[in-house]
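Each chain, written out:
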Amino acid sequence: MGRVIIHVDMDYFYAAIEEREDPSLRDKAVVVCMYSNRGESGGAVSTSNYIAREAGIRSAMPCKLARSKKPDAVFLPVRKPFYEEVSANIMEILRSNADTEEAFEKISIDEAFLEITVSCKGDYGLAEEIGLRIKQEVKEQERITCSVGIGPNKLIAKMASSYQKPDGITIVRPEDVDGFLKPMPVKELWGIGKVTEEKLSEMGINKVEELASCDVMELIAVFGKNKGMWLKDAASGIDESPVKERTATDQIGRMASLEHDSRNENMIFSLLEELVDDVMEKVRKRKVSFRSVTVTVIFSNFKTSTKSRTLNHAVNDRDILIQNAREMMKQFLEKSEINFRRIGVRVDNLQENTGQKSLFDF
Ligand code: DCP
Ligand code: MG
Ligand code: MG
């Protein structure tokens with residue numbers, strides 16, 4: 001039975017989170033900017049919503065240029081720690097839909113691969129149902145949309161997810177791979193950069209179809225053995241790389257809204273306990289320990305603050321997590337008079353458990 005792989009990529013991720021947090025932004029052009037130390041005049045666009053994209057705004061463009069293209073757009077500064085909390089929630093939803101905890105690979109803050117060969121029994125009809133279920137779970141739990149690609153390997157799944165955006169789902173069955181790839185320009189192949197595109201163009205190769213029918217020896221002569229063979233395979237839709245967690249260095253986090261905006265300590269601490277329990281369940285399932293604890297608060301005015309602590313050794317102990325999280329949360333309560341809207345807790349600096357008890361062996 002051939003493999004079935006899903007790739008999920010969130011739509012206009014940073015801007016979508018900002019829209020979700022502030023409904024008055026809907027129907028407006030939203031541009032999220034990474035400002036440099038020169039303030040508003042420096043800095044580049046991280047991302048923008050699709051309304052802003054219609055005005056020609058693109059990621060990595062200078063913010064100044066973006067402003068001239070669409071003066072009435074709303075410009076917001078990036079809030080990376082907050083987006084990372086949301087990402088951690090989403091990654092847990094995705095991971096829970098993979099065949100096993102390990103059949104999951106996060107590749108950036110807003111995208112991941114998961115293998116579902118076993119869950120769908122190799123059947124693309126069932127695979128589509130899983131894809132739709134993932135979209136629905138992300139929408140219900142995080143109130144943002146994503147695009148899904150399904151195919152027989154990572155290359156095809158990745159390219160399929162960007163085929164229909166936003167809020168799309170694209171299924172490429174093994175028998176459809178050729179038809180899907182061949183008409184594309186070579187630069188659309190995942191992994192081909194500007195330099196490779198230009199070299200291929202000099203060889204008279206512009207479409208994937210031309211690359212697929214090119215003699216592999218000719219490609220090896222120009223690009224070397226590894227790259228030459230990879231190009232030939234990729235153009236033919238062949239990719240055997242496994243879906244595999246890279247390291248345990250990523251994070252496990254949960255975030256949720258209070259029932260209503262509040263500074264009530266009981267309400268905040270009881271939600272915090274629930275979040276800690278969720279995080280600990282994942283920590284145990286993944287057999288990891290953590291060395292740092294981060295707490296995030298989003299206030300009723302949408303401002304976000306985080307606090308982190310690094311422990312002097314890695315632990316997987318609920319009491320230590322709850323104690324640190326409560327202390328940091330208390331500091332937020334003491335420092336600020338604004339109501340809390342959402343809170344989050346996250347552990348990172350993850351290490352695989354070594355078998356021995358990690359807590360008291362010092
Ligand atoms: N990002 C960034 N700078 C870039 C590109 C991306 O800071 N040059 C950040 C902001 C994006 C996030 O990474 O929201 C995810 O990148 P994507 O390429 O997936 O882009 P989006 O999710 O924003 O849009 P799309 O709907 O096209 O996926
Ligand atoms: Mg995206
Ligand atoms: Mg992405």
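Residues numbered from 1 in each chain as written. Chains lettered and ligands numbered in written order. Predicted model: local features only at pLDDT ≥ 70, side-chain atom pairs only at ≥ 80, totals over all residues. Heavy atoms only, no water.

Enquirer: Describe in detail the coordination of the magnesium ion (ligand 2), supporting the description with residues and values.
Expert: Protein ligation of the magnesium ion (ligand 2) involves D9 (OD), M10 (O) and D110 (OD), the donor distances falling in the range 2.1 to 2.2 Å. In this structure, the magnesium ion (ligand 2) is surrounded by six donor atoms whose angles at the metal cover 77 to 175°, and the resulting shape is octahedral. Between the donor residues of the magnesium ion (ligand 2), the gaps in sequence give the motif D-M-x99-D. Between the magnesium ion (ligand 2) and the magnesium ion (ligand 3) the interatomic distance amounts to 3.5 Å, and D9 serves as a bridging ligand to the pair. Highlighted residues: D9 in strand β1 (residues 5–10) and D110 in the loop between β5 (104–108) and β6 (111–115), separated in sequence by 101 residues. Considered together, D9 and D110 belong to a single accessibility category, that of buried residues. (Donors = N, O, S within 2.8 Å, 3.2 Å for Na, K, Ca; no water. Tetrahedral: all angles 85-135°; square planar, octahedral: opposite > 155°, others 65-115°. Helix = DSSP H or I, 4+ residues; strand = E, 2+ residues; numbered from the N terminus. Buried < 20%, exposed > 50% of the residue type's maximum accessible area, 1.4 Å probe, protein only.)

Enquirer: Give me empty space enclosed by the protein: which residues, what numbers.
Expert: Using the criterion set out here, one finds one cavity of 30 Å³ or more in the structure. Space inside the largest cavity adds up to approximately 60 Å³. Breaking the lining of the largest cavity down by element, the ones donating at least two residues are α4 (80–95) and β5. Per element, the largest residue contribution to the lining of the largest cavity is five residues, and it comes from α4. (1 Å grid on protein atoms, 1.4 Å probe; cavity = no way out; pocket = protein on both sides within 12 Å on 5 of 7 lines; lining within 4 Å. Points joined across faces, edges and corners; volume = space filled by probe spheres on them.)

Enquirer: Give a description of the coordination of the magnesium ion (ligand 3) that names residues and reports values.
Expert: At this site the magnesium ion (ligand 3) is bound by D9 (OD), D110 (OD) and E111 (OE), with donor distances of 2.2 to 2.3 Å. Donor residues for the magnesium ion (ligand 3) sit on one chain with the sequence pattern D-x100-D-E. Given a relative accessible area of 12%, D110 falls into the buried group.

Enquirer: Any chance you could break down the environment of G151 for me, citing the residues and the numbers?
Expert: Mapped onto the fold, G151 is located in strand β7 (residues 146–151). Classification of G151 by relative accessible area gives buried; the value is 0%. Here the alpha-carbon distance between G151 and G179, two residues 28 residues apart in the chain, equals 13 Å. Sequence-distant contacts of G151, defined by excluding residues within four places in its chain, comprise R3, V4, I5, Y124, I156, A157 and V172. (Contact = heavy atoms within 4.5 Å.)

Enquirer: Let's hear about the domain arrangement of the chain: which residues, and what values?
Expert: Annotation of the chain at the domain level lists domain 1 (5–13 + 82–177), domain 2 (15–79), domain 3 (182–235) and domain 4 (251–352). One C-alpha centre belongs to domain 2, the other to domain 3; they are set 35 Å apart. (Domains from an automatic or database assignment.)

Enquirer: Explain the sheet that holds strand β8 (residues 169–171) residue by residue, including any values.
Expert: In space, the five strands of this open sheet follow the order β5-β6-β1-β7-β8, with mixed pairing throughout. What marks the edges here is a single partner per strand, and that holds for β5 and β8. The sheet shows a mean angle of 15° between the axes of neighbouring strands, taken without regard to direction. In this sheet, β6 lies alongside β5 in antiparallel orientation, the contact comprising four bridges. Paired with E105 across the two strands is F113, which belongs to β6. Contacts between α4 and the sheet are confined to β1, β5 and β6, with β5 contributing the most and set at about 150° to the helix. (Pairing = 2+ DSSP bridges. Axes fitted to C-alpha atoms, helices over the stretch in contact; angles between N-to-C directions.)

Enquirer: Talk me through the site of ligand 1; I want residue IDs and the actual numbers.
Expert: In the vicinity of ligand 1 lie 13 residues, with Y12, T47, Y50, R53 and D110 positioned nearest. Y14 places a polar main-chain atom, nitrogen or oxygen, 3.1 Å from an oxygen atom of ligand 1. Measuring from an oxygen atom of ligand 1, one finds a side-chain N or O atom of K165 at 3.0 Å. Protein chains bury 70% of the 550 Å² of accessible surface belonging to ligand 1 in isolation. Those elements that place two or more of their residues in the shell around ligand 1 are β1, α1 (13–21), β3 (39–48) and α2 (50–54). (Near = heavy atom within 4 Å. Polar contact = N/O pair within 3.5 Å; in protein donor to acceptor, adjacent residues only side chain to side chain. Areas by Shrake-Rupley, 256 points an atom, 1.4 Å probe, with all protein chains shown as cover.)

Enquirer: Break down the side chain of R79 for me, with residues and values.
Expert: Relative to the helices and strands, R79 resides in the loop between β4 (74–77) and α4. Only 2.4 Å separates the side chain of R79 from the side chain of T304, close enough to count as a polar contact. R79 has contacts with E18, E21, F302, K303 and T304, leaving out every residue within four places of it along the chain.

Enquirer: Would you mind going over unusual backbone geometry in detail, with residue names and values included?
Expert: With an omega of -5°, the peptide bond between K165 and P166 qualifies as cis. Relative to the assigned elements, P166 resides in the loop between α6 (154–161) and β8. Even without being a glycine, A60 presents a positive backbone phi close to 80°. Locating A60 in the fold gives a position in the loop between α2 and α3 (63–69).

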